[in-house]
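Residue-level structure breakdown
Chain by chain, the residues:
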Amino acid sequence: MSSICVHGLGYIGLPTAAMFANYGHDVVGFDVNDQLVSELKSGEIRIDEPGLRAFVNQALDSSQLTIDDEIPSSEYHIICVPTPLDDETKRVNLSAVEEAAAGIAPTLRTGDTVILESTVPPGTTVSTVKPILERSGLDAGEDIALVHCPETVMPGNIITELTENERIIGGVNGVSTAAAVRLYETFVESEIRTMVDATTAEFVKLIQNTYRDANIALANEIAMLAADYGVDSREAIQLANTHPRVDIHQPGPGVGGHCLPIDPWFLGHDSDEIDLIAHAREVNDGMAGYIVDLLEEALGSITERKIAILGVAYKGGVSDIRMSPGLHLAEELQDRALHEPAVEARTDGDSPIQVSLHDPQVTDQTLALETLEDAVLDADAIVVTTDHSEYESLDPASIAQKMAGNVVVDTRAVLDEAEWAAADLDPIRV
Ligand code: SAJ
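Not measured: the values here are computed from a predicted model.

Within the structure, the ligand sits among 20 residues, and T152, V153, K205, R212 and Y314 are positioned closest to it. In this structure, E151 approaches the ligand through a side-chain N or O atom, which is 2.7 Å from an oxygen atom. Between the ligand and the protein, one listed contact pairs a nitrogen atom with a backbone N or O atom of Q250 at 2.8 Å. If one sorts the elements of the shell around the ligand by residue count, helix α8 (residues 198-228) sits on top with 5 residues. For the shell around the ligand, the residue count by class is 8 nonpolar, 6 polar and 6 charged.

Below, the discussion takes up the sheet that holds strand β9 (residues 305-310). An order of β10-β9-β11-β12-β13 is seen for the 5 strands of this open sheet, with the pairing classed as parallel. In this open sheet, the two edge strands, each paired with only one partner strand, are β10 (353-358) and β13 (427-429). Pairwise comparison of adjacent strand axes, ignoring direction, gives a mean angle of 20° for this sheet. Where strand β12 (residues 407-410) meets β13, 3 bridges bridge the pair, whose relative direction is parallel. Looking at the pairing, V408 lines up with P427 of β13. Its contacts with the sheet place helix α12 (residues 287-299) against β9, β11 (381-384), β12 and β13, and it is angled at close to 160° to β12. Contacting β9, β10 and β11, helix α13 (residues 325-338) runs over the sheet at an angle of about 175° to β10.

To continue, consider the packing of helix α1 (residues 13-22) against helix α3 (residues 52-61). The contact between α1 and α3 brings their axes to 9 Å, and the two run at 50°. With respect to each other, α1 and α3 are oriented oblique. Along this stretch, α1 crosses α3, giving a crossing that reads as left-handed. Contact with α1, carried on its side by L14, P15, A18, M19, A21 and N22, involves L52, F55, V56, Q58 and A59 of α3 and no other residues of that element. Residue classes in the contact of α1 with α3 are distributed as 9 nonpolar, 2 polar and no charged.

Quick look at the packing of aromatic side chains now. Summed over all chains, the structure comprises 4 aromatic pairs. With a centroid separation of 5.6 Å and 65° between ring planes, the pair formed by F20 and Y184 is classed as edge-to-face. One end of the pair, F20, is in helix α1; the other, Y184, is in helix α7 (residues 174-184), and 164 residues separate them in sequence. Y184 shares its class with F20; the two are buried. For the pair Y23 and F187, a centre-to-centre distance of 6.0 Å together with 45° between the ring planes defines the contact as tilted.

Along the chain, L52 falls in helix α3. Residue L52 is classed as buried on the basis of its relative accessible area of 1%. Between the alpha carbons of L52 and L14 there is a distance of 8.8 Å; along the sequence they are 38 residues apart. When sequence neighbours within four positions are dropped, the list of residues in contact with L52 reads L14, P15, I45, I47 and I159.

Here the focus is the environment of L85. When you line up the elements, L85 lands in the loop between β4 (76-79) and α4 (95-104). Taking C-alpha positions, L85 is 10 Å from H258, a pair spaced 173 residues apart along the chain. In contact with L85, not counting residues within four places along its chain, are K90, R91, V92, I262, W265 and F266.

What follows is about helix α2 (residues 34-41). An α-helix turns once every 3.6 residues. As a result, residues three or four positions apart point the same way. Those residues of α2 lying buried are L36, V37, E39 and L40. Down the axis of α2, the smallest arc covering the buried residues is 165°, so these residues share one side. Seen from the buried face of α2, the exposed residues on the opposite side, beyond 90 degrees, are D34, Q35 and K41. On its buried face, α2 sits against α1, α3 and β3 (65-68). With a side-chain oxygen positioned 3.0 Å from the backbone nitrogen of Q35, the residue opening α2 is N33. Two residues or fewer past α2, G43 is found with a positive phi of approximately 75°.

A few words on the sheet that holds strand β8 (residues 192-195). Read across the sheet, 8 strands follow the order β3-β2-β1-β4-β5-β6-β7-β8 without closing on themselves; strand pairing throughout is mixed. Each edge of the sheet is formed by a strand with only one pairing partner; in this case those strands are β3 and β8. Put simply, the sheet's adjacent strands are angled 25° from each other on average, direction ignored. Here 5 bridges tie strand β1 (residues 3-7) to strand β2 (residues 26-30), and the two strands are oriented parallel to one another. Each residue of the ladder has a partner; that of H7, found in β2, is F30.

This part takes up a negative patch on the surface. A contiguous patch of negative charge, built from D34, D68, D69 and E70, is present on the exposed surface. Within the secondary structure, D68 is located in strand β3. With a relative accessible area of 30%, D68 lands in the partly exposed category.

The subject of this paragraph is the pattern of salt bridges. Within the structure shown, the criterion is met by 14 salt bridges. When the shortest N-O distance is used, the salt bridge between D87 and K90 registers 3.4 Å. When its relative accessible area of 55% is taken as the criterion, D87 is described as exposed. Residue K90 is classed as partly exposed on the basis of its relative accessible area of 24%. In this structure, R322 engages D320 in a salt bridge whose closest nitrogen and oxygen atoms are separated by 2.9 Å. Note on R322: relative accessible area 24%, which makes it partly exposed. Three or more residues joined by partner-sharing salt bridges are found here, namely D213, R281 and D285.

Cut-offs used in this document
Counting from 1, residues in each chain are numbered in the order their sequence is written. Owing to the predicted nature of the model, reporting of local features is limited to residues with pLDDT of at least 70; listing and counting of side-chain atom pairs is limited to 80 or more, with chain, interface and lining totals taken over all residues. Here the side-chain values reflect all heavy atoms present in the structure, with hydrogen atoms and water set aside. One heavy atom within 4 Å of a molecule or strand makes the whole residue count as near it. In the analysis that follows, any N or O atom pair within 3.5 Å is treated as a polar contact, provided that within protein one partner can donate a hydrogen and the other can accept it, and provided that, for residues neighboring in sequence, both atoms belong to side chains. Numbered from the N terminus, helices here are DSSP runs of H or I no shorter than four residues, and strands are runs of E no shorter than two. For this classification, the nonpolar set comprises Ala, Val, Leu, Ile, Met, Phe, Trp, Tyr, Cys and Pro, the charged set comprises Asp, Glu, Lys and Arg, and every other residue, Gly included, is treated as polar. Two strands qualify as a pair provided DSSP detects at least 2 bridges between them. Convention adopted: a line fitted to C-alpha atoms gives each axis, helices being fitted over their contacting stretch, and angles between N-to-C directions are expressed from 0 to 180 degrees. Contact definition: two residues touch when any of their heavy atoms are within 4.5 Å. The scheme is simple: roughly parallel for angles under 35 degrees, roughly antiparallel for over 145, roughly perpendicular for 65 to 115, oblique for anything else. Crossing handedness is read from the near helix: turned anticlockwise from the far helix by less than a right angle, it gives a left-handed crossing, and turned clockwise, a right-handed one. The pairing test for Phe, Tyr and Trp rings, Trp by its six-membered ring, is centres within 6.5 Å, and the orientation test on the planes gives stacked under 30 degrees, edge-to-face over 60, and tilted for anything in between. Residue exposure (1.4 Å probe, protein chains only): buried if accessible area is under 20% of the type maximum, exposed if over 50%, otherwise partly exposed. The reported arc concerns the directions from the helix axis to the C-beta atoms and nothing else. Candidate patch residues must exceed 30% relative accessible area and have no salt bridge, after which like charges are joined if within 9 Å and Val, Leu, Ile, Met, Phe, Trp or Tyr side chains if within 5 Å. Note that accessible areas follow from Shrake-Rupley with a 1.4 Å probe, and for residues the cover is restricted to the protein chains shown. Think of a salt bridge as a Lys or Arg side-chain nitrogen and an Asp or Glu carboxyl oxygen that are within 4 Å of each other. Charged residues are defined here as Lys and Arg on the positive side and Asp and Glu on the negative side; His and the ends of the chain fall outside this count. Lysine's charge is taken at NZ, arginine's at CZ, aspartate's at CG and glutamate's at CD.

See below:
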């Protein structure tokens with residue numbers, strides 16, 4: 001068993017630290033956020049992920065996992081810090097990775113291994129992390145091992161996927177790769193695939209998420225085209241996918257979460273060749289505007305209307321609101337209503353549109369979430385933006401009674417069309 005320090009105790013770092021600890025390694029979880037450290041020390045877990053609380057507490061109770069605000073010397077350092085994207089420039093901010101590497105460098109001893117798990121633009125391990133670690137006087141590849149080993153887990157199923165998903169590992173040399181493989185094979189049950197170098201591992205991680213994002217953009221464009229031809233896009237996609245070499249994803253209100261809307265841009269970091277991938281991003285981001293167009297068409301105008309958005313989690317079955325398509329739609333509605341010529345001329349300062357939000361799984365206190373009854377009360381239109389199972393069993397008759405209007409947009413195809421039509425609420429599907 002090895003000594004490990006996990007740097008960054010967020011969505012990936014915390015379950016990863018607990019996993020290694022529960023498999024018998026001596027793990028220190030380190031974070032620069034003092035408040036997070038003190039919360040975790042007392043077993044308080046902010047992240048809402050099935051099974052995580054018990055899993056982390058098991059590791060803490062066994063003392064295989066300790067939480068600290070100092071970096072100890074360790075045989076393995078695993079970096080799981082955020083790599084946010086600047087929305088304007090579409091450039092990554094690597095300061096947390098740089099800070100982590102700078103914190104590790106003084107603790108390094110010959111034979112130690114540093115693993116970058118954070119998603120980064122191709123070349124980051126070699127161009128950014130390696131020179132910072134080598135300030136220690138040790139050579140990465142010769143004296144210490146250095147690899148990129150991206151996480152590939154799906155929020156909502158993180159603990160299972162950590163053990164069951166395949167891993168890819170690319171080191172700055174073969175010795176580095178082998179050192180990381182030895183560590184991950186202590187708990188990964190699937191194949192561990194080794195790459196020729198760290199940059200290939202970084203690139204592979206990015207094109208996995210880019211494939212999914214671009215495929216969803218294709219599905220979204222197909223949905224918009226299908227609507228113009230009076231074709232049901234879902235049925236068309238289902239039929240198209242019966243071909244053995246066709247796998248079109250599902251359309252929706254846009255793509256949320258912390259990965260798909262961000263990672264494709266990393267591919268354009270040091271290359272001008274990004275084109276279709278950037279356009280696919282724009283198609284997905286443009287879905288909120290398309291839904292507002294649908295609402296305007298159905299309602300005549302969105303001003304002085306009440307629109308209920310059902311679903312602010314970025315996808316069904318989770319409480320995560322990062323890059324939420326539902327919240328993006330709420331902003332787009334407000335923005336579009338404010339720029340209506342009649343509204344721009346107004347001076348009363350009243351909001352020109354009322355947008356109510358509901359989500360059965362999200363508990364975020366900063367959002368003005370309402371009960372389902374209040375959210376739909378007197379609404380002119382409702383838009384389902386998250387495929388929560390709770391929405392599949394909504395009762396159209398009782399919703400029809402509460403609503404002022406009868407416009408329903410189902411961006412996730414979760415409502416039973418016949419039942420809703422019987423309540424005079426024909427859903428418009430995206
Ligand atoms: N979505 C669609 N249509 C689809 C599938 C998804 O509109 O057919 C939307 C979802 O509703 C959501 C968004 O896309 O808003 C992203 O959801 P997701 O389930 O596709 O992916 P994430 O962000 O939860 O997790 C992804 C996964 N990557 C891949 O499947 C290639 C996960 O395995 C990665 O570990 C994760 O990104 C990550 O951390 O990179």
